[in-house]
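# Structure at a glance
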Amino acid sequence: MRILVTGGAGYIGSHTSVELLNENYDVVVLDNLSNSCEEALNRVKNITGKSLEFYKADILNKQDIHDIFSRHKIDAVIHFAGLKAVGESVGIPLKYFHNNITGTLNLLEVMDDFNVKNIVFSSSATVYGDPASLPIKEDFPLSATNPYGRTKLMIEEILQDLYVSDNRWNIALLRYFNPVGAHESGQIGEDPEGIPNNLVPYISKVAVGLLDKVNVFGNDYDTSDGTGVRDYIHVKDLAIGHIKTLPKLFTKPGVVIYNLGTGQGYSVLEMIKGFEKTSGKEISYKIADRRPGDIAACFADPLKAKKELNWQAVKTLDDMCKDTWRWQKNNPDGYQK
Ligand code: NAD
Ligand code: WQD
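These notes cover the structure that comes with them. Keep in mind that this is a model prediction, so the values were computed, not measured.

### Side note on the nonpolar core
Counting 41 residues, the largest nonpolar core has Ile3, Leu20, Leu52 and Leu246 as its most contacted members. When sequence neighbours within four positions are dropped, the list of residues in contact with leucine 20 reads Ile3, Val5, Tyr25, Val27, Ile78, Ile243 and Leu246. With 27 residues, the next largest nonpolar core counts Val28, Ile155, Trp169 and Ile257 among its residues.

### Notes on the pairing of strand S1 (residues 2-6)
In terms of residue burial, S1 counts as a mostly covered element, since four of its five residues are buried. A crossover connection joins S1 to the parallel strand S2 (residues 26-31) through helix H1 (residues 11-22); in handedness this β-α-β unit is right-handed. Pairing of S1 with strand S4 (residues 76-79) involves four bridges; the strand directions are parallel. Residue pairing in the sheet places valine 5 in a bridge with isoleucine 78 of S4.

### Focus: empty space enclosed by the protein
For the coordinates displayed, the defined rule picks out one cavity of 30 Å³ or more. Of the voids in this model, the largest cavity is the one considered here, and its volume is about 130 Å³. At the level of elements, helix H7 (199-207) and helix H11 (317-330) are the ones that each hand at least two residues to the lining of the largest cavity. The element contributing the most residues to the lining of the largest cavity is H7, with four residues. Of the residues contributing to the lining of the largest cavity, the split by class is eight nonpolar, six polar and three charged.

### Overview of the site of ligand 1
Taken together, 27 residues lie near ligand 1, and Ile12, Asp31, Asn35, Ser36 and Tyr148 sit nearest. Within the backbone of isoleucine 12, one N or O atom sits 2.8 Å away from an oxygen atom of ligand 1. A distance of 2.9 Å separates an oxygen atom of ligand 1 from a polar side-chain atom of lysine 152. Coverage of ligand 1 by the protein amounts to 95% of the 820 Å² it exposes when considered alone. When contributions to the shell around ligand 1 are tallied by element, the ones reaching two or more residues are H1, S2, strand S5 (118-124) and helix H6 (147-165). Take the shell around ligand 1: its biggest share by element is three residues, from S5. Across the shell around ligand 1, the residue classes break down as 12 nonpolar, 11 polar and four charged.

### Concerning the side chain of arginine 230
Mapped onto the elements, arginine 230 comes out in strand S9 (residues 229-230). Within the buried set, arginine 230 has no salt-bridge partner at all; the shortest N-O distance to an opposite charge, 4.2 Å, is to aspartate 294. Those residues in contact with arginine 230, other than ones at most four positions away along the chain, are Asn178, Gln264, Gly265, Tyr266, Asp294, Ile295, Ala296, Ala297 and Cys298.

### Looking at the site of ligand 2
Around ligand 2, a shell composed of 17 residues is seen, among which Ser124, Tyr148, Asn215, Arg230 and Asp294 lie nearest. In this structure, asparagine 178 approaches ligand 2 through a side-chain N or O atom, which is 3.0 Å from an oxygen atom. In this structure, a nitrogen atom belonging to ligand 2 sits 2.7 Å away from a main-chain N or O atom of asparagine 215. Taken by itself ligand 2 offers 690 Å² of open surface, and the protein chains cover 87% of this. Broken down by element, the residue count for the shell around ligand 2 peaks at three residues, all from strand S8 (residues 214-217). Grouping the amino acids of the shell around ligand 2 by side-chain chemistry returns seven nonpolar, seven polar and three charged.

### Observations regarding the pairing of strand S3 (residues 53-56)
In terms of strand pairing, S2 meets S3 through four bridges, oriented parallel. Directly across from valine 29, in S3, lies its bridge partner phenylalanine 54. The β-α-β motif built from S2, the intervening helix H2 (residues 38-48) and the parallel element S3 has right-handed crossover chirality.

Conventions we followed
- Residues numbered from 1 in each chain as written.
- Chains lettered and ligands numbered in written order.
- Predicted model: local features only at pLDDT ≥ 70, side-chain atom pairs only at ≥ 80, totals over all residues.
- Heavy atoms only, no water.
- Core = buried A, V, L, I, M, F, W, Y, C linked by side-chain atoms within 4.5 Å.
- Buried < 20%, exposed > 50% of the residue type's maximum accessible area, 1.4 Å probe, protein only.
- Contact = heavy atoms within 4.5 Å.
- Helix = DSSP H or I, 4+ residues; strand = E, 2+ residues; numbered from the N terminus.
- Right-handed = clockwise from strand over helix to strand, strands pointing away.
- Pairing = 2+ DSSP bridges.
- 1 Å grid on protein atoms, 1.4 Å probe; cavity = no way out; pocket = protein on both sides within 12 Å on 5 of 7 lines; lining within 4 Å.
- Points joined across faces, edges and corners; volume = space filled by probe spheres on them.
- Nonpolar A, V, L, I, M, F, W, Y, C, P; charged D, E, K, R; others polar.
- Near = heavy atom within 4 Å.
- Polar contact = N/O pair within 3.5 Å; in protein donor to acceptor, adjacent residues only side chain to side chain.
- Areas by Shrake-Rupley, 256 points an atom, 1.4 Å probe, with all protein chains shown as cover.
- Lys, Arg positive; Asp, Glu negative; His and termini not counted.
- Salt bridge = Lys/Arg side-chain N within 4 Å of Asp/Glu carboxyl O.

In short, shape yes, function no, at least from these values alone.
What follows is the structure, given as structure tokens:
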């Protein structure tokens, strides 16, 4: 079985490529390296002792995609490629709509041309907006609160329409909660450009001394300690969720939707404490204003994936902190792209 991994040099894509190779899938990666570098793929090869095909290519260029499908018989696509910074998407929405939506349309058109109708799509818990209750189940109402989230919601809808038009398509919409952590080898991990937007990369940069203190965005939420609560999921668990989805896709299920989360929420302060414990470093923080657009709490009901995919997250908060810290310590400048 040969899997095309778009965005495979990125954070989740590189970890998923490791697990695909470990499971003896053939892997073809398409990535324009706009938010990643080829070194991540060298390390994927190093970790697995296996090779993969890499194309520096852009999903905005249909010919690029066409050439890859001409060269390789693809059985399914795992589609990670996209821009993902929420704040940036508010300032440059057209870039986000163009890259994420036009890029996905190009990919789907080429897949259709080559009669490859199996796709796993990286969606996000952001499609639930501010949920009316917790934990979040897959049939909760959907909404978008920013252009990035809207691209996820629109692509989910595009894929559902595509299935209605042609029920030979098999489509898995995987809604990730908050991916964190790194491969236990310490060789691959999250490598954000500049100052991180997300909590865990920010904490790890404070721990290693590259940033001064964590700004805790609000301590007056209706949560146990007043700080925001999220469902942090180890990236390896998330990657394995994709591996468990592929056999399901090959049973020709039509459209299937799964939450990939742990079902457990942790607050910002719990994450800081957890990281202090595993790193042995003091993490300074200060309480700052709420970040516009943030919600108080968000965590998954992951039972559907457990029942239908036989998948559940097994890594603990300690694993998430330990693996992030190992990656950060070994690679203070990331991949040095
Ligand atoms: P990432 O930025 O590390 O990976 C995305 C990859 O896509 C990058 O390597 C980038 O170079 C590539 N890419 C972007 N535009 C492209 C284009 N036009 N053509 C070819 N390649 C392109 O992000 P990630 O965290 O690994 O996220 C992967 C996917 O999961 C994204 O679709 C993201 O929206 C989604 N997601 C991420 C999170 C998260 O918090 N990390 C949560 C939910 C969903
Ligand atoms: C987590 C918590 C912050 C940074 C984002 C996207 C979402 C999805 C995952 C892609 C919140 C608090 C954060 C900091 C803080 N991505 N925080 N200080 O916002 O839950 O989700 O990534 O689909 O769409 O919105 O993740 O890591 O930014 O924040 O106090 O410096 O940490 O307020 O409570 P978020 P995050």
